[in-house]
Every structure is written in structure tokens, then in C-alpha cells.
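These are the residues of each chain, in order.
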Amino acid sequence: DVKVTQSSRYLVKRTGEKVFLECVQDMDHENMFWYRQDPGLGLRLIYFSYDVKMKEKGDIPEGYSVSREKKERFSLILESASTNQTSMYLCASNESGGQETQYFGPGTRLLVL
Amino acid sequence: GESVGLHLPTLSVQEGDNSIINCAYSNSASDYFIWYKQESGKGPQFIIDIRSNMDKRQGQRVTVLLNKTVKHLSLQIAATQPGDSAVYFCAESNTGTASKLTFGTGTRLQVTL
């Protein structure tokens, strides 16, 4: 079975802090994704990566950056957390070509105070 | 931009009955569709997918129907069980792959005993 893990289930941070969210997948997938999920808005794509050191902006990249130094790991960085970044963050992965569905991690619920 | 939406935000069904969850999409170029299930506190889990060259696909207790004429997608769950209680999302892509998905906002399915 595909396994996508996220470093934290719950995080509480203060405004202005730098926040790192880590995601690891064990299926040697080329593609990895970061989404945020908010009530009534569904999942929105922040960034995705189709290879090591490659990244592309999604629909809402403002306030975020990403890092993919290793194939299995994709990090989401909030350079200076703000209260409007309080959300559920979901990581996903799939194989190159995307013929298979995206597999999701359990999510990180981030609260920014 | 294009969007994917759901007709009903909450659906309540009795255990043993069949459930039908609907999804309307607006992008006529969409050619790949996925249904996800998200249980409380968990990430979305793949249920079933369908490509635009099909109008029906069956899985275990689930069937997805695609009507391209009216841009409508539905998920049918046979003999609904308490474990089916979750939020269900549809997602669509116009690339034929699962690497660029647009998600609906979700329908909550409540199974009553």
C-alpha cells in the first residue's frame, strides 16, 4: 500500500513564526503536492513538484514556499505565519504521468495564533 | 475559472439503503474524474475513478456514473453501512491524468441506524 506521512497531525504557531510541514512518501512517486483544505472551499493546490528540486506554483502559492531535495520528501514552508494560514494542510503524491490517483497523507491541522 | 460543485452538502441515509452523491462540473474539457472519501481527521482516500470515454464504472459496492451531456457525475453506494459515513469529494482533470485536479467542496454522508 502507498503510504504518505506528514510530520505532525496538529501544530500551534504564533504569527510571524517560520513553519515547516514535512511530507514523506514511500512509493517512489515523482509527483508530490501540497494542498490546503478550508470549510466550504474544498482542496486548493498550493504547490506541486514533479521531480527533485523542481516545483511549480499551484492556485494559491502566496505566503508559501516548498523544498524538494529528495524524491521521497516534500516540505511546505510558511516563511512568516499569519492567522489566515490557519487551515488543514494535505500532502499527496502520485507517479509520473499521473495515470494513478493522488494518494493523500493524514493531514496537518495548523493553528496560527 | 472552472469549478466542480456538489448539489447537496449533506445527505442522510438509513443503513442498508443505497446512497447517491451527485457532482456537477463546468469544464467541458474534463476527461478524468475521481471520487474520494474523507473520514473525520483523515486525509482523502481514493474510491473510484472514471475516464470520459466511459459512462459507468463499478467497484466494490460503488458505481460511478458519468453524463458528459449535462456534465454530471454521481457516486452510488449500495447497501450503505455506518462505515460509509464521511465527506465525499469529486475531482476532475482536463489533462487525462490525476496530476492536475480540481476538487469539489464535498458532500457529507450521514448513515443512520
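We now turn to the structure provided with this report. Please read these numbers as outputs of a predicted model, since none were measured by experiment.

1. Describing a nonpolar patch on the surface
Residue and element names in this part refer to chain A. Together, Val-12, Leu-111 and Leu-113 make up a nonpolar patch on the protein surface, roughly 260 Å² of accessible area in all. Structurally, Val-12 can be placed in strand E2 (residues 10–13). For Val-12, a relative accessible area of 54% translates into the label exposed.

2. Some words on the interface of chain A and chain B
Taken residue by residue, the interface counts 22 residues in chain A and 20 residues in chain B. Between chain A and chain B the total buried area reaches about 1,500 Å² when both faces are included, carbon and sulfur atoms providing 50% of it. If you look at where chain A meets chain B, you find zero salt bridges. The tally of links from chain A across to chain B stands at four residue pairs in polar contact (both at pLDDT 80 or more). Breaking the side of chain A that touches chain B down by element, the ones donating at least two residues are strand E4 (31–38), strand E5 (42–49) and strand E9 (87–94) of chain A. In terms of residue count, the dominant contributor to the side of chain A that touches chain B is E4 of chain A (four residues). Split by residue class, the side of chain A that touches chain B holds eight nonpolar, eleven polar and three charged.

3. So, the pattern of salt bridges
Under the definition given, this model contains ten salt bridges over all chains. One salt bridge connects Asp-38 of chain A with Arg-44 of chain A, and the closest N-O pair in it is separated by 2.8 Å. Note that Asp-84 of chain B and Arg-61 of chain B form a salt bridge whose closest N and O atoms lie 2.9 Å from each other. Of the two residues, Asp-84 of chain B sits in the loop between strand E8 (72–77) and strand E9 (86–93) while Arg-61 of chain B sits in the loop between strand E6 (56–58) and strand E7 (62–67), which places them 23 residues apart along the sequence. Assessed through its relative accessible area of 30%, Arg-61 of chain B is described here as partly exposed. The network of salt bridges with common partners includes Asp-28, Glu-30 and Lys-71 of chain A.

4. Some thoughts on the sheet that holds strand E1 (residues 4–6) of chain A
Residue and element names in this part refer to chain A. Across the sheet, four strands lie side by side as E1-E3-E8-E7; this open sheet has antiparallel pairing. On the outer flanks of this sheet lie E1 and strand E7 (65–70), each paired with one strand and no other. Taking the axes of each pair of neighbouring strands and ignoring which way they run, one obtains an average angle of 20 degrees across the sheet.

5. Re the state of the cysteines
Residue and element names in this part refer to chain A. Here the structure, examined in full by the defined rule, presents two disulfides over all chains. A sulfur-sulfur distance of 1.8 Å marks the disulfide that ties Cys-23 to Cys-91. On the S-S bond that ties Cys-23 to Cys-91, the torsion sits near -75 degrees, and the link is left-handed. On the criterion of sequence distance, the pair formed by Cys-23 in strand E3 (residues 19–25) and Cys-91 in strand E9 is long-range, its members being 68 residues apart. Using a relative accessible area of 0% as the deciding quantity, one classes Cys-91 as buried.

Cut-off values and rules
Residues numbered from 1 in each chain as written. Chains lettered and ligands numbered in written order. Predicted model: local features only at pLDDT ≥ 70, side-chain atom pairs only at ≥ 80, totals over all residues. Heavy atoms only, no water. Patch = residues over 30% accessible without salt bridge, like charges linked within 9 Å, V, L, I, M, F, W, Y side chains within 5 Å. Areas by Shrake-Rupley, 256 points an atom, 1.4 Å probe, with all protein chains shown as cover. Salt bridge = Lys/Arg side-chain N within 4 Å of Asp/Glu carboxyl O. Helix = DSSP H or I, 4+ residues; strand = E, 2+ residues; numbered from the N terminus. Buried < 20%, exposed > 50% of the residue type's maximum accessible area, 1.4 Å probe, protein only. Contact = heavy atoms within 4.5 Å. Buried area = accessible area lost by both parts, 1.4 Å probe. Polar contact = N/O pair within 3.5 Å; in protein donor to acceptor, adjacent residues only side chain to side chain. Nonpolar A, V, L, I, M, F, W, Y, C, P; charged D, E, K, R; others polar. Pairing = 2+ DSSP bridges. Axes fitted to C-alpha atoms, helices over the stretch in contact; angles between N-to-C directions. Disulfide = S-S within 2.5 Å.

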